[in-house]
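Descriptive structure summary
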Amino acid sequence: MKVFGTTVISVVFLFLFIDPSTAAIKSIKIQSDNRSVILLGKFGFTHYGNLSISISNLSVSDPVASLYDPSVIGFFLLSDETLIELVFEAQRNPNFWFWDIHLVSYLFTLRDISDPQSSFHKSYSMTFSEEYALFYANCNTRSLVTMDIHTEMYNIDDGATKDYLSAGLTQLPSLYFIFSLMYLSFLGFWISLCFNNQRCVHRVHLLMGVSLTMQTLSLFCAAEDNHYVKVTGTPHGWNVLFWIFQFISSVLLFTLIVLMGAGLPYLKPVLHAREKIVLMIVITFKVLANVASMMMDETGPYNKDWMTWRQVYMWSDTISCSVIILPVGWSIRFLTEPSKTDEKSRRNLTLFVRLFRLVVCYLVFARVGVIALMDITTYKFQWVSSAVEEVACLVLYLVIYISVVFISSRHREALQYHHF
């Protein structure tokens, strides 16, 4: 009948590791659910924010009808500032109702819904600038609740236009569009470079061009996705295109790292058996990580399977990131002995060592550094972590492609010298 400290820990976990919503208009269906706490959304409000909640098709099933209490099932808001205080309260009093403490912003309970068969609507003006998480709580876990929930969260800073992006994410459409132009320019340069050096162009160079194309399209679709969410509250199908191109782009990038780390095509014409196994493992787990990431983003933490998908994503991404550096390490070990006497091997060894360090730094920063940056910046500057992540990715692309140009140049010089 009470919400225990473990539930509070789950609330803290959800609050810390869930990004603000990028689809501020949501329709959520809860079916025979007895979960004690469900996170419905997270949004950064300005002084002119608005939250509206609509409930329809409400029904509650309780095995002990006489003990059913609608006043312990309802909705509340929790801000980032009160999160730590809530943890301390849970430590002092492991058994408490959310409605009993002043740390949460109480909205309404099922007792306020006079007619469960009709639609119930509530709207709230958010006059205090803060990032809030919207929770549904059921302090009587015997009760199985079924209902349709429709939520809208937006800001009206100019007094007329609704902005459905969280206060810290309003810059994302412009940010992603600028980076898509950068990658488009990069792609044009790469096509020109390959066209002017056709004798040294291999299939891996064409694959690199396809990778740049997918990355450009992915960022363009991300810009359009966020633009439509900002204006209308829904992505209008751009999220589907984004996930398609993002899926292909990330798989191609990891494939390129494996191929370059293995020294293809300059140190060896084909991959060895163990390198083929590594490539298969990386692609398999990267595909699985992308599917899990898509399911997490499109369903939301209110879905019962959300935590399962998160664990699948974390393990798949960790395995693919761990295995991807193996070919680079093997190439470094292969070049270490010849580099003591051969100048060409020494130069190649230097490039592979730099590639190894770059990949490791990028993987650690993209998986740990970006999350840490999100935690230390205020919600109004959450776009900064996205910008830094895109800069890191662009640097990775630039260094990999420049390394390929240098290796290709040396290979071309060697061919000319041999021909002479």
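**Points about the pattern of salt bridges**
By the definition in use, this model includes 7 salt bridges. Note that D62 is salt-bridged to R142, the shortest N-O span being 3.5 Å. With D62 in the loop between β3 (49–61) and β4 (73–79) and R142 in the loop between β7 (130–138) and β8 (144–155), the pair connects residues that are 80 residues apart, well separated along the chain. Here D163 ties to K230 by a salt bridge, and the two come within 2.9 Å at their closest N and O atoms. Pair noted here: D163 is in the loop between β8 and α3 (172–196) and K230 is in helix α4 (residues 203–232), with a separation of 67 residues, a long-range link. Accessibility expressed as a relative area gives 13% for D163, which makes it buried. Ionic contacts of the salt-bridge type, sharing partners, join the residues K286, D317 and R367 into one network.

**Notes on unusual backbone geometry**
Trans is the prevailing form of peptide bonds, just as negative phi is the prevailing case for residues other than glycine. Not every positive phi belongs to a glycine, and S32 is a case in point at roughly 45°. Its place among the elements puts S32 in strand β1 (residues 25–33). Its relative accessible area of 39% is what places S32 among the partly exposed residues. Of note in this structure, H236 is not a glycine but carries a positive phi near 55°. Residue placement: H236 occurs in the loop between α4 and α5 (238–261). Residue class for H236 comes out exposed when judged on its relative accessible area of 52%.

**Details of the environment of I324**
Within the fold, I324 resides in the loop between α7 (306–323) and α8 (326–336). Judged by relative accessible area, which is 0%, I324 ranks as buried. Sequence separation between I324 and V360 is 36 residues, and the spatial gap between their C-alpha atoms is 9.6 Å. Residues in contact with I324, not counting those within four places in the same chain, are F254, I257, V258, V282, V359 and L363.

The rules behind these values
Residues numbered from 1 in each chain as written. Predicted model: local features only at pLDDT ≥ 70, side-chain atom pairs only at ≥ 80, totals over all residues. Heavy atoms only, no water. Salt bridge = Lys/Arg side-chain N within 4 Å of Asp/Glu carboxyl O. Helix = DSSP H or I, 4+ residues; strand = E, 2+ residues; numbered from the N terminus. Buried < 20%, exposed > 50% of the residue type's maximum accessible area, 1.4 Å probe, protein only. Contact = heavy atoms within 4.5 Å.

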